[in-house]
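Descriptive analysis of the structure
Okay, here's what each chain looks like letter by letter:
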Amino acid sequence: MLSRPGPRPEPRPRRRRSRRPAAAAMPPAVAPQRSRRGPRRRRPVSGRVVLAGLAGLALLWLSRGGWWPTPPPPQMILVLGGDADREAAAARLARVDGLPVVVTGGTNPEYAHWLFLQKEGLSPRQVQLDYRARDTMSNFTSLVDDLRKARIRHALLVTSADHMERALLVGRIVAGSRGIHLTPVPVSCGELCVVEGRRRLWGDGARAALWVISGQDIRPWVEERVAPWLEKAGIR
């Protein structure tokens, strides 16, 4: 006998595979390219730039009459010691103008008191003797801060005619750094005048500028370390 066919299994629905869009190919990571050039080196300042800067400062200084504040009338007389004629000229000037006098590194006290007090008749309060200075440089550095504290802004500078150029250069650098204006009053030296060399002039000028910058006088260092070497080399 033929067997009846059994019930057929119901067909299961086929799952359709979802077609996902293919992932976009990611570009490979690009490593940052290193510059083949090395670090940039700073170009050294050329000599022309330095000269141009110095020329600009020189022009600014020469034109200071147009922008520098006008100083008040002279407030005192500053006498640089080294010659009795300087003190005599300052004493006469003080008697006429009535200004106080400061003598830095001058003659002995006995002569100075006779000259200012007895001969010219000045008041003891009008004359101040200061013996801390040893040269032109220290004529200014020894008392310039005292003058600033006394609110001195304008002084008459008395020294010999042959010494005035160097004294005025040093004084305008040192005293000028404290806001003190100097007006030269040269004293005639006649046949005793000695012309000073440019080397000494600019040497003291550079020394004064370094004092303003550092607050120290380089002369002791030069005499201790540089001078013996110059003597051995036959330069000095």
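Okay, so let's go over this structure. Computed from a predicted model, the values in this text were never measured in an experiment.

As a further point, take the packing of helix α3 (residues 84-97) against helix α4 (residues 109-119). One can describe the packing of α3 onto α4 by two numbers: an axis separation of 9 Å at closest approach and a directional angle of 25 degrees. The orientation of α3 relative to α4 falls into the category roughly parallel. Helix-helix and strand crossings are classified by hand; for α3 and α4 the assignment is right-handed. In contact with Ala-84, Glu-87, Ala-88, Ala-90 and Ala-91 of α3, α4 contributes Tyr-111, Ala-112, Leu-115 and Phe-116. Tallied by class, residues from the contact of α3 with α4 come to 8 nonpolar, no polar and 1 charged.

Attention now goes to the nonpolar core. Here is a general trend for soluble globular proteins: nonpolar side chains tend to be buried in one another's company. Judged by nonpolar contacts, the single largest core of 22 residues is most densely connected at Met-76, Leu-78, Phe-140, Leu-157, Val-174, Ile-180 and Leu-182. Of all the elements in the fold, those that place two or more residues in this core are β1 (76-80), α5 (136-141), α6 (144-149), β4 (154-160), α7 (164-174) and α8 (198-214). When residues of this core are assigned to their parent elements, the largest contribution, 5 residues, is made by α7. If sequence neighbours within four positions are ignored, Leu-182 has contacts with Phe-140, Ala-155, Leu-157, Leu-168, Gly-171, Arg-172 and Ala-175. Grouped together as the second largest cluster of nonpolar side chains are 18 residues, Ala-94, Leu-115, Leu-156 and Val-158 included.

Quick look at the pairing of β1 now. Counting buried residues in β1 gives 5 out of 5 residues, a clear majority hidden from the surface. Alternating residues of β1 divide into Met-76, Leu-78 and Leu-80 and Ile-77 and Val-79, and every residue in both groups is buried. Relative to β4, β1 runs parallel, the two being bridged by 4 bridges. Paired with Leu-78 across the two strands is Leu-157, which belongs to β4. Pairing analysis gives 4 bridges linking β1 to strand β2 (residues 101-104), with the strands arranged parallel. When the sheet's bridge partners are listed, Leu-80 is paired in β2 with Thr-104.

Below, the discussion takes up the packing of aromatic side chains. Evaluation of the coordinates by the stated rule reveals 1 aromatic pair. An angle of 40 degrees between the planes, with centres 5.9 Å apart, marks the rings of Tyr-111 and Trp-114 as tilted. Of the two residues, Tyr-111 and Trp-114 both sit in helix α4, 3 residues apart, roughly one turn of that helix. Among the residues examined, Tyr-111 registers a relative accessible area of 29% and is labelled partly exposed.

Basis of the calculations
- Residues numbered from 1 in each chain as written.
- Predicted model: local features only at pLDDT ≥ 70, side-chain atom pairs only at ≥ 80, totals over all residues.
- Heavy atoms only, no water.
- Axes fitted to C-alpha atoms, helices over the stretch in contact; angles between N-to-C directions.
- Helix = DSSP H or I, 4+ residues; strand = E, 2+ residues; numbered from the N terminus.
- Parallel < 35°, antiparallel > 145°, perpendicular 65-115°, else oblique.
- Left-handed = near helix turned anticlockwise from the far one by under 90°.
- Contact = heavy atoms within 4.5 Å.
- Nonpolar A, V, L, I, M, F, W, Y, C, P; charged D, E, K, R; others polar.
- Core = buried A, V, L, I, M, F, W, Y, C linked by side-chain atoms within 4.5 Å.
- Buried < 20%, exposed > 50% of the residue type's maximum accessible area, 1.4 Å probe, protein only.
- Pairing = 2+ DSSP bridges.
- Phe/Tyr/Trp six-rings, centres within 6.5 Å; stacked < 30°, edge-to-face > 60°.

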